[in-house]
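# Secondary and tertiary structure notes
For reference, the chains in residue letters:
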Amino acid sequence: MPDITIEKVVMAVIAMAGAIAAFITTNRFFSPKTEESPASLTRLAGGEKKEISSFSKLDPNRGIWDRLDLFLAKSVGLEGKLEELHMLLGSPVNPDPLQILHYKELCSVIIPGFLYLFLVSPFVLIFVPLCFFLPDLIFSAKIRKRQEEILRTFPTMVDLAALIIESGLDYMTAFDRIVKIAPRRTELEVEFEKTINEVQLGYTRRDALRRLAMRTGLQEVRSFVGLIIQSDELGTSLVDLLRNFSADMRFRRLNRAEKLAAQASTKMLIPLFVFIFPTVFILMLAPLIVDLFKGGLPF
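Parameters and conventions
Residues numbered from 1 in each chain as written. Predicted model: local features only at pLDDT ≥ 70, side-chain atom pairs only at ≥ 80, totals over all residues. Heavy atoms only, no water. Helix = DSSP H or I, 4+ residues; strand = E, 2+ residues; numbered from the N terminus. Contact = heavy atoms within 4.5 Å. Areas by Shrake-Rupley, 256 points an atom, 1.4 Å probe, with all protein chains shown as cover. Buried < 20%, exposed > 50% of the residue type's maximum accessible area, 1.4 Å probe, protein only. Disulfide = S-S within 2.5 Å. Phe/Tyr/Trp six-rings, centres within 6.5 Å; stacked < 30°, edge-to-face > 60°. Core = buried A, V, L, I, M, F, W, Y, C linked by side-chain atoms within 4.5 Å. Salt bridge = Lys/Arg side-chain N within 4 Å of Asp/Glu carboxyl O.

### Some thoughts on the overall build of the chain
Secondary structure assignment for the chain yields 13 helices and 0 strands. A sequence separation of at least 24 residues applies to 64% of the contacts in the chain between residues at least 6 apart. Accessible area for the chain stands at about 18,600 Å²; split by element, carbon and sulfur atoms hold 66% of it.

In structure tokens, the structure reads:
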């Protein structure tokens, strides 16, 4: 019996090591190569110049937890991804990239621990790499919600910018006016305020606008930034470009809404077949089935 237990433990350790190796290999193979360093991503995360990454305060001589954090951030290559995730979340004070890493570590320890209490099997160790990714689902949902909020107000922002630019002001002054007169600071106004602050801190307008596109992670914002940069380079009318761009965004949003409405009828078939139709059949056939069991047909 002890040999069987030792064999199970050894197999579980081998399975866990294989899962971790597969995770590291897949992560390094599919991770895109970017020209931005983690330090530059940290600077993009806020409206001011940040020279120090949140992982720079880790000391390998301080304890095992700092060593684990450094291993996951540096060796596995999670530092840049966590910085980018924090940036797409809107650069909140809490959680910072290091705290996000701690959440992932806690999930990979606590959830398998609870599973071990119920299953009493060392094979729950293979769930450690899977549980490490669970916080990403929550953060991805927050990022999608933030991007949807930005897209809702973005066409109105573009129309207001075109109107103010047409009155004779440049686009940075137009953005500043829109941010100041906004009755409520949405995520879009906050991002434009960061862009204005970056220009005041010494960044070029082109770099500040590109940072705006990176912080939102939206193709619409990247196209908007491309239009402004193209207008600066070629000297074309920015007002006409912005109005056409705003009309195109509203048209695409209308098409997206019509597509979702067309898919609603098809998606309704699933609850109909799973819940409603079986209930109707049971109600209709129940008396007949009861009579059959009682000893004969009702006719």
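Right, picking up where we left off after that structure.
### Observations concerning the environment of R243
Here R243 shows up in helix α12 (residues 238-267). On the accessibility criterion, R243 (37% relative accessible area) is partly exposed. Here the alpha-carbon distance between R243 and L163, two residues 80 residues apart in the chain, equals 9.0 Å. With sequence-adjacent residues up to four places away left out, R243 is seen in contact with A162 and E166.

### Looking at the state of the cysteines
As enumerated under the stated definition, the model contains 0 disulfides in all. Here C107 stays unpaired: no disulfide links it, and the sulfur of C131, its closest cysteine neighbor, is 7.4 Å away. For C107, a relative accessible area of 23% translates into the label partly exposed.

### Brief notes about the packing of aromatic side chains
Enumeration over the complete set of coordinates arrives at 10 aromatic pairs. Judged by centre distance (6.0 Å) and plane angle (55°), the ring pair of Y171 and F175 falls under tilted. Pair noted here: Y171 and F175 are both in helix α8 (residues 171-181), with a separation of 4 residues, about one helical turn. Given a relative accessible area of 6%, Y171 falls into the buried group. Taking relative accessible area as the criterion, F175 reaches 1% and is therefore assigned buried.

### Considering the nonpolar core
Membership of the largest hydrophobic core comes to 32 residues, with the highest contact counts inside it found for F154, Y171, F175, F192, L209, F224 and L242. Secondary structure elements with two or more residues in this core: α7 (134-166), α8, α9 (187-201), α10 (205-216), α11 (219-234) and α12. A total of 8 residues in this core trace back to one element, the largest contributor, which is α7. If sequence neighbours within four positions are ignored, F175 has contacts with A161, F192, I196, L209, F224 and I228. Grouped together as the second largest cluster of nonpolar side chains are 17 residues, F55, L58, I100 and I143 included.

### A look at the pattern of salt bridges
Under the counting rule described, the total for this entry stands at 13 salt bridges. Put simply, K104 and D136 hold a salt bridge, and the shortest N to O gap is 2.9 Å. In this pair, K104 sits in helix α5 (residues 97-119) while D136 sits in helix α7, placing the two residues 32 residues apart along the sequence. You can call K104 buried: its relative accessible area is 2%. With a closest N to O distance of 2.4 Å, R243 and E166 form a salt bridge. Placement of R243 in helix α12 and of E166 in helix α7 is noted, with a sequence separation of 77 residues between them. The exposure class assigned to E166 is partly exposed, which follows from its relative accessible area of 46%. Each of R146, E187, E191, K194, E198 and R215 takes part in one network of salt bridges that share partners.

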